[in-house]
Amino acid sequence: MQKKTLVIGYGSIGKRHAEILDEMDEISLVAIFSSQFDLPYDTLSALQDIPDFDPDYVVVGSPTNKHYSQLMFLEENLKEKKFLVEKPLFEAFHDYEIKNNEVYVGYNLRFHPLLNKVKELISVRKLWNIQVFCGSYLPDWRPGRDYRETTSAKTDSGGGVLLDLSHELDYVQWLTGAIDLKYCVSEKISDLNIETDDFLHLSGKSASGANVPLVLNSFTRQPLRQILIDGEGISIQADLIANTLSVVQESESSNFAWPEFERNDTYLAQHQAILEDEKTCLCTYAEGLETMRLIDRIRSFGNS
């Protein structure tokens, strides 16, 4: 049965979701909730119109600071629907219970074949260290837009690397369990003209016992997104930009590559998993809340 879909927000991520959904056989109609006019989709401009539209599937792709109020409205006015809330779930932790619908969080990197291969490789290994780095240059994130005017640059919109780059916080916990913080610095240190944090350095220990040094920033001009894993009988080097994986198990080396893999493939796989109830790689609402708990602990670390 085809699904009627509503995408809330028509910024860069909302537009991406709408275009992907519009090409899916499972979707009969894509509509947009937005204050913008002349969009190439049916458009709703008031939250109160959503219950009458009665979508089967809702994607919340609005600025992060609007997620909580919009999700509350959806939960209270719709029943037995499926929602995808773009990452991060909220701008801060909210202890809100979902009873009427299914809610998932848009950590689409879980659908990257490289991360799934890593998860397979480490599933039976004792790990010692998982080193993660993600750095890129904020002015290049949204071509054609002044980075200073984007949500990533504004505190009241829910921007900053801790929220914008929280994929790493999610997938590390997906791979090895919850992170227990040992050390953390989260602040703005570059000359970017923004209000938000542009640097995170944390050190923790995963539930499986591995050390987790992790660094995120939005000022590295040549993007780099890597994972280095060492453990009993295994060493892994993963590059999430080149889509390559180098593995040494005992004394044997293996190399993997996904040269034709594209970013939209993860979004498409995520939508299909939600619509088909294939939950293996999906980030549940409960898991999204746990990542928000971790983000709040990081924010308060220096004051504890």
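Refer to the structure presented above.
Residues numbered from 1 in each chain as written. Predicted model: local features only at pLDDT ≥ 70, side-chain atom pairs only at ≥ 80, totals over all residues. Heavy atoms only, no water.

Student: What's the story with helix α8 (residues 285–300) in this structure? I'm lost.
Tutor: One turn of an α-helix holds 3.6 residues; hence residues three or four places apart share an orientation. For α8, which comprises 16 residues, the first-to-last C-alpha distance of 23 Å matches the rise-based estimate of 22 Å (1.5 Å per residue) to within 8%. Of the residues making up α8, those classed as buried are Tyr285, Gly288, Leu289, Thr291, Met292, Leu294, Ile295 and Ile298. (Helix = DSSP H or I, 4+ residues; strand = E, 2+ residues; numbered from the N terminus. Expected span 1.5 Å × (residues − 1). Buried < 20%, exposed > 50% of the residue type's maximum accessible area, 1.4 Å probe, protein only.)

Student: What exactly am I supposed to notice about the sheet that holds strand β10 (residues 211–217) here?
Tutor: Adjacent strands of a sheet pair through backbone hydrogen bonds, lying either parallel or antiparallel. Here eight strands make up an open sheet; going across it, the order is β8-β9-β10-β7-β11-β12-β13-β14 and the pairing mixed. Both outer strands of the open sheet, β8 (179–187) and β14 (252–257), are each paired with one neighbouring strand and no more. Neighbour-to-neighbour, the strand axes of this sheet turn through a mean angle of 10°, independent of strand direction. Here β8 pairs with strand β9 (residues 199–206) via eight bridges, running antiparallel. Note that in β9 the partner of leucine 181 across the bridge is glycine 204. (Pairing = 2+ DSSP bridges. Axes fitted to C-alpha atoms, helices over the stretch in contact; angles between N-to-C directions.)

Student: Is there a simple way to think about the pattern of salt bridges in this case?
Tutor: Side chains bearing opposite charge may pair, as long as their charged atoms lie close to each other. Evaluated as defined, the whole model comprises 12 salt bridges. Between aspartate 170 and arginine 110 there is a salt bridge, with the nearest N and O atoms lying 2.9 Å from each other. Taken together, the residues span a long stretch of sequence, with aspartate 170 in helix α6 (residues 167–176) and arginine 110 in the loop between β6 (102–106) and α4 (113–122) at a distance of 60 residues. Assessed through its relative accessible area of 2%, aspartate 170 is described here as buried. On the accessibility criterion, arginine 110 (3% relative accessible area) is buried. Close ionic contact of lysine 182 with aspartate 180 constitutes a salt bridge, the shortest N to O distance being 3.0 Å. Aspartate 180 gets classed as partly exposed once you look at its relative accessible area, which sits at 42%. Through salt bridges with shared partners, a single ionic network connects Arg110, Asp170 and Glu287. (Salt bridge = Lys/Arg side-chain N within 4 Å of Asp/Glu carboxyl O.)

Student: What exactly am I supposed to notice about the packing of helix α1 (residues 12–22) against helix α7 (residues 263–275) here?
Tutor: Pairs of packed helices are described in terms of their axes, by the angle between the two and the distance that separates them. The geometry of α1 relative to α7 is characterised by a closest axis approach of 10 Å and an angle of 65° between their N-to-C directions. Between α1 and α7, the crossing angle belongs to the class labelled roughly perpendicular. Read as a crossing pair, α1 and α7 show a hand that is right-handed. Where α1 approaches α7, its residues Ile13, Arg16, His17, Ile20 and Leu21 are matched on the opposing element by Arg263, Asn264, Tyr267, Leu268, Gln270 and His271. A per-class count over the contact of α1 with α7 returns five nonpolar, four polar and two charged. (Parallel < 35°, antiparallel > 145°, perpendicular 65-115°, else oblique. Left-handed = near helix turned anticlockwise from the far one by under 90°. Contact = heavy atoms within 4.5 Å. Nonpolar A, V, L, I, M, F, W, Y, C, P; charged D, E, K, R; others polar.)

Student: Teacher, can you tell me more about the layout of surface pockets here?
Tutor: Within this model, the second largest pocket holds a volume of roughly 150 Å³. Among the elements of the structure, α6 and α8 are those that each provide at least two residues to the lining of the second largest pocket. It is α8 that provides the largest number of residues to the lining of the second largest pocket, a total of four residues. Partitioned by chemical class, the residues of the lining of the second largest pocket number three nonpolar, three polar and five charged. (1 Å grid on protein atoms, 1.4 Å probe; cavity = no way out; pocket = protein on both sides within 12 Å on 5 of 7 lines; lining within 4 Å. Points joined across faces, edges and corners; volume = space filled by probe spheres on them.)

Student: When you look at the packing of α6 against α8 in this model, what are you seeing that I'm missing?
Tutor: Two numbers describe how α6 lies on α8: the axes approach to 10 Å, and their chain directions differ by 120°. Comparing the axis directions of α6 and α8 gives the class oblique. For the element pair α6 and α8, the recorded crossing hand is right-handed. Between α6 and α8, the contacting residues are Leu169, Asp170 and Gln173 on the first element and Thr291, Leu294, Ile295 and Ile298 on the second. Taken together, the residues that form the contact of α6 with α8 break down as four nonpolar, two polar and one charged.

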